[in-house]
Structure formats: structure tokens, C-alpha cells
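Chains, contacts and geometry: an overview
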Amino acid sequence: ITDEDDEEVDQNFRREIVKPGTEEKIIGMTSKGSEKGRYEFRHDGRLIYEWDQSLDEVNIYVKPPPGIAADMIECEIKPRRIRLGLRGNPPFLDEETFGFIVQNESSWTFVDGEITIILTKMRKAETWESALKGRGQVDPMTKEEIKKKIMLER
């Protein structure tokens, strides 16, 4: 690998030393979202949603197709699951959340062409590795960054 190639790798991956004195292991880096603090979940190269979290909330951001109005959207929030889609159609998202949420304190909004699902964590300060279970878990370094951010919010 040339120095130029190495710089390109560094932009897309992180290096992690497994044990002192051993070779570096290259691990995938969590994709950053469109705004600071957001993370992306992509499937087959397509952006499915972005998400972020704070001390007591996890937010999921979804861009629906153009021409969609709020009254066309169906969003169901349960203590361990969210379902999001267009009324009368199969859901776009129907997934288990990474952690438990407080259903009656969670909500969703549709503003400026973006759906925001606000999930209130059952256990404040718990670090979620992804918004939805098994979908786009953050890499170990990003997880530590999130933990630090949450600790600073306390």
C-alpha cells in the first residue's frame, strides 16, 4: 500500500492494535450522518435512516419520498419495537429497538420533509450500539466516543 492508498484507507477505516507488539487490525468505521452527531444505517448502498442519541433519548431520522404528507405516515411505537410506513402499505421499518423505551414519552414528527422518531430510553445513560437491534451497530471506537458524550451530559 502506498502512502496515498494508506490515506484513503484511513478516511474510511480505523486502525486498532489488538495487543501491543502485534500487527494492526483494520476495522470498519461507522458512517457519519448528514448532520454532526448522526450515524447512518445503509442497506445495499441505500440510506435507510440516520440516528443519534443523548443521555435519555435515541432519535431516528428518515427521509420519505417526495410528495409524502404527515397524514399519510403511520408510526407505531411500542416498548421494544417501532413500525414506520405509509398507511395501507407494508411498513418500511418494523424492527426491535436496541433497548427498552418509555412508550408514552416517545413520539414522532414530520418537519421539512424528514420524519424524526424520538425514543425515550427506559434506562437513562444507557449507551445503545444502534437504534434498531442488529442494524448498523457502531464500531468499538465510536461506541466509546458515544459513552464519553453521554457521561459529559450527566
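For the structure itself, consult the block above.
My aim in this report is to walk through the structure given alongside it, one point at a time. Keep in mind it's a predicted model, so treat the numbers as computed, not measured.

Let us look at the overall build of the protein chain. Along its length, the protein chain carries two helices and 10 strands. Here the protein chain holds 154 residues, and 36% of them are scored as buried. Across the protein chain, contacts joining residues at least 24 apart in sequence account for 48% of those joining residues at least 6 apart. When the accessible surface of the protein chain is totalled, it reaches about 9700 Å², and 49% of it is carbon and sulfur.

All right, on to the packing of aromatic side chains then. This model, assessed by the stated rule, comprises three aromatic pairs. Relative to Trp 51, the ring of Tyr 39 lies with its centre 5.7 Å away and its plane at 50 degrees, an arrangement referred to as tilted. One end of the pair, Tyr 39, is in strand β3 (residues 39–43); the other, Trp 51, is in strand β4 (residues 46–53), and 12 residues separate them in sequence. As far as burial versus exposure is concerned, Tyr 39 and Trp 51 are alike and both buried. On the numbers, 6.4 Å between centres and 45 degrees between planes, the contact of Phe 98 with Trp 128 is tilted. Taken as a pair, Phe 98 in the loop between β8 (93–96) and β9 (107–111) and Trp 128 in the loop between β10 (114–120) and α2 (140–153) lie far apart in primary sequence, 30 residues in all. The ring of Tyr 61 has Arg 38 lying over it, and the distance from NZ or CZ to the ring centre is 3.4 Å. Across the ring face of Phe 100, the terminal group of Arg 80 is positioned such that the distance to the ring centre comes to 4.5 Å.

Sheet topology places β9 next to β10; five bridges connect them, and they run antiparallel. Residue Ser 107 lies in a different strand from β10, and its bridge partner there is Ile 118. Hairpin connection of β9 to β10: two residues between the antiparallel strands, including Asp 112 at a positive phi of 50 degrees.

Our focus in this paragraph is unusual backbone geometry. A positive phi is found at Asp 112, a non-glycine position, where the angle reads about 50 degrees. Even without being a glycine, Ala 125 presents a positive backbone phi close to 70 degrees. Counting through the fold element by element, Ala 125 comes out in the loop between β10 and α2. Take Ala 125: its relative accessible area is 16%, and that puts it in the buried class.

Counting residues in each nonpolar core, the largest one holds 27 residues, and the members touching the most others are Tyr 49, Ile 60, Ile 117 and Leu 119. Secondary structure elements with two or more residues in this core: β3, β4, β5 (57–62), β6 (73–78), β7 (81–86), β10 and α2.

With that settled, the discussion passes to the sheet that holds β4. The five strands are arranged β3-β4-β5-β10-β9 in an open sheet whose pairing can be described as antiparallel. With one partner strand each, in any of the chains shown, β3 and β9 form the two edges of the open sheet. The mean angle between the axes of side-by-side strands here comes to 20 degrees, regardless of whether they run parallel or antiparallel. Summarising the sheet, β3 and β4 pair through five bridges and their orientation is antiparallel.

Reading guide: rules and limits
- Residues numbered from 1 in each chain as written.
- Predicted model: local features only at pLDDT ≥ 70, side-chain atom pairs only at ≥ 80, totals over all residues.
- Heavy atoms only, no water.
- Helix = DSSP H or I, 4+ residues; strand = E, 2+ residues; numbered from the N terminus.
- Buried < 20%, exposed > 50% of the residue type's maximum accessible area, 1.4 Å probe, protein only.
- Contact = heavy atoms within 4.5 Å.
- Areas by Shrake-Rupley, 256 points an atom, 1.4 Å probe, with all protein chains shown as cover.
- Phe/Tyr/Trp six-rings, centres within 6.5 Å; stacked < 30°, edge-to-face > 60°.
- Lys NZ or Arg CZ within 6 Å of the ring centre and 35° of its normal.
- Pairing = 2+ DSSP bridges.
- Core = buried A, V, L, I, M, F, W, Y, C linked by side-chain atoms within 4.5 Å.
- Axes fitted to C-alpha atoms, helices over the stretch in contact; angles between N-to-C directions.

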